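# Observations on the three-dimensional arrangement
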Amino acid sequence: MYIYNTLSRKKEELKKTRKTLKLFVCGPTVYDSPHIGHARVYITFDVIARYLRSKGYKLYYLQNITDIDDKIIKRASELGVQPQKLAQKYTREYLSAMQKLGVIEVDKYAPATKYISAIVKQVKTLIKKGYAYKAKDGYYFDIAKFKDYGKLSGRTAEQAEDSVSRIDESVNKHNKGDFALWKFSKEGEPSWKTELGEGRPGWHIEDTAITNKVFGPQYDLHGGGLDLKFPHHEAEIAQAEAASDKKPFVKVWMHSGLLNINSKKMSKSLGNFISITEFLSKYPPEVLRWLFLGAHYRQPIDFTDALIAQSSAGLETLREFVRKARFVAEKNKASASSAEFRVLLEKAESDFISAMEDDFNTPGAVSALFSFVAGLQNVIWQISKKDAKRAAKFIENKLELYGIEGLGFRKISSKAAKMALQRDKLRDNKQFIQADALRKQIEGLGYMVEDTPLGTWLNKKT
Ligand SMILES: [Zn+2]
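Presented here is an overview of the structure given in this document. (Residues numbered from 1 in each chain as written. Predicted model: local features only at pLDDT ≥ 70, side-chain atom pairs only at ≥ 80, totals over all residues. Heavy atoms only, no water.)

## So, the overall build of the protein
The condition is simple: Working definition: helices are DSSP H or I runs of at least four residues, strands are E runs of at least two. Numbering for both runs from the N terminus. When a residue's accessible area, from a 1.4 Å probe over protein chains only, is under 20% of the maximum for its type it is buried; when over 50% it is exposed; and in between it is partly exposed. Throughout, a contact is declared for two residues whenever any of their heavy atoms are within 4.5 Å. In these tables, accessible area is a Shrake-Rupley quantity obtained with a 1.4 Å probe, and a residue counts as shielded only by the protein chains included in the view. The convention is simple: Lys and Arg are positive, Asp and Glu are negative, and His and the chain ends are not counted. Each charge is placed at NZ for Lys, CZ for Arg, CG for Asp and CD for Glu.
Scanning the protein from N- to C-terminus turns up 15 helices and 16 strands. Oriented by its inertia axes, the alpha-carbon framework of the protein measures out at about 95 × 50 × 35 Å. Here the protein, with 462 residues, has 52% of them falling under the buried criterion. Nonlocal contacts in the protein, meaning residues at least 24 apart in sequence, comprise 76% of its contacts between residues at least 6 apart. On the protein, roughly 21,700 Å² of surface is accessible, and the fraction owed to carbon and sulfur atoms is 52%. Taken as two groups, the 76 positive and 56 negative side-chain charges of the protein have centres that lie 4 Å from each other.

## What to know about the sheet that holds strand E13 (residues 264-265)
Short version of the rule: Strands qualify as paired when DSSP identifies two bridges or more between them. Here, axes are lines fitted to C-alpha atoms. For helices the fit covers the stretch in contact, and angles between N-to-C directions go from 0 to 180 degrees.
If you walk across this open sheet you meet the three strands as E13-E12-E14, and the pairing is mixed. The strands lining the two open edges of the sheet, one partner per strand, are E13 and strand E14 (301-303). Of the pairings in the sheet, the one linking strand E12 (residues 259-261) to E13 comprises two bridges and is antiparallel in character. Paired with Ile 261 across the strands is Lys 264, a residue of E13. Together, E12 and E14 form the strand contacts of helix H1 (residues 36-54), whose direction differs from that of E12 by roughly 150°.

## Some details on the pairing of strand E2 (residues 10-13)
For strand E1 (residues 2-5) and E2, the ladder comprises four bridges, and the chain directions are antiparallel. Looking at E2, one finds that Tyr 2 is bridged to Glu 13. The antiparallel pairing of E1 with E2 creates a hairpin that spans four residues between the two strands, and Arg 9 there sits at a positive phi of about 60°.

## Describing the coordination of the zinc ion
Rule in force here: The rule for donors is simple: N, O or S, within 2.8 Å of the metal, or within 3.2 Å if the metal is Na, K or Ca. Water isn't counted, so a site may look like it is missing partners.
In the first shell of the zinc ion, the protein supplies Cys 26 (SG), Asp 207 (OD) and His 232 (NE2), at 1.9 to 2.2 Å from the metal. Between consecutive donors of the zinc ion, the numbers of intervening residues give the motif C-x180-D-x24-H. Here Asp 207 lies in helix H6 (residues 203-214) and Cys 26 lies in the loop between strand E3 (21-25) and H1, a separation of 181 residues in the sequence.

## Looking at the sheet that holds strand E9 (residues 199-201)
Within the open sheet, the four strands sit side by side as E6-E7-E8-E9. Their pairing is antiparallel. On the outer flanks of this sheet lie strand E6 (132-135) and E9, each paired with one strand and no other. Each strand axis lies, on average, 25° off the axis of its neighbour in the sheet, ignoring direction. In this structure, E6 lies alongside strand E7 (residues 138-141), joined through four bridges in antiparallel fashion.

## Brief notes about the side chain of Asp 359
Mapped onto the fold, Asp 359 is located in the loop between helix H11 (339-357) and helix H12 (362-376). If we ignore the near neighbours within four places in the chain, the residues touching Asp 359 are Met 1, Tyr 2, Ile 3, Tyr 4, Lys 11, His 296, Tyr 297 and Arg 298.

## Regarding the environment of Val 41
Mapped onto the elements, Val 41 comes out in helix H1. Overall, the relative accessible area of 12% leaves Val 41 in the buried class. Considered as a pair, Val 41 and His 255 are 214 residues apart in the sequence and their alpha carbons are 8.7 Å apart. Here Val 41 is in contact with Val 25, Gly 224, Gly 225 and Ser 256, once residues within four sequence places are set aside.

Here it is as structure tokens:
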């Protein structure tokens, strides 16, 4: 198994080990409804966790939830509600959206506010070691003191000066790129009385305090959206490696690609956010999972209606195939397996696995499934009972691995199914005129009727 490590900028082998791999993924800041950009990140790491587990890796998957932050406080004050109440509401909404999308692999969700003492402890260590200093409005990390600053993102401490990406504005800082570890409380803001003074944590410190508490100073895999690489993940490295001397703090950094909407960045000002709830009011969750799998997880995705349609159609092709294979398995008496079939199946299986083992190349794996289906297209009615069963199972298992359970087949009504059987009998008795009349009746119910060597095959008209 090879995984691309953002830190080393190359694919590295993930060795099989008896030890449990520790995976941390940056969770959401819960100040608004989760959108499809969130869905991409968490479906990505859900699929990665499912795959690693299916290959026998032991994995512990930890994710934080940022339930105290400037954005939460700002939104709460706009709405005139308590920040904690707002955070609780959106935490619930987030977790429920994840359930609906089949994101179920996380072992532990860690809300920042449950780790205040771990955060205070880490900030105190950084102060003691000379990496943190006190300013008028809080404690800051001095990036000039940490010589490796920028090693993940390829930026230098000086380049960090230019960044405006969620770097705290403060007039009291030593360097413009210094970030807050602890913010002293302001009127009307949530705060905790601690040894650092009354206040609340900065954004970056919660992740390293949480992982230090749950995993210790070093762990295997860290995931998150590409937009978090700088400054957030750079700040995490600085904090953790300054606090513990254990390097590297994270062995493999993984970043999922960005999601654009019709070639534009999703943003509040453009008003082009698509919430998960909104998406799910129009399409089933598997369409979104399948859409994301169609791109490599590190590549950007341009989210368009055409892409949604393509994803639905792709899934439908596989559904059709599974239904046909099941039909053949039920109707065909011949049971001997064919050599050609076995070759096709073995190739599909091995292509699927090698794609996944190559940094979770899902587009490659998905194309192995489609090649398999295409290879059987013209012979599907002729394959044996045994092969048909294996063909259906193969596709179903792979979809299940991707979190697409229950294929959502288009239902054939029992009335239509009975008429199809009746029609088969008429045809067996060479009563073709009556069989034709029955065909018209079935079509009138909204089905396409196909004659196969195994009898009448029905498909719902789209
Ligand atoms: Zn984070």
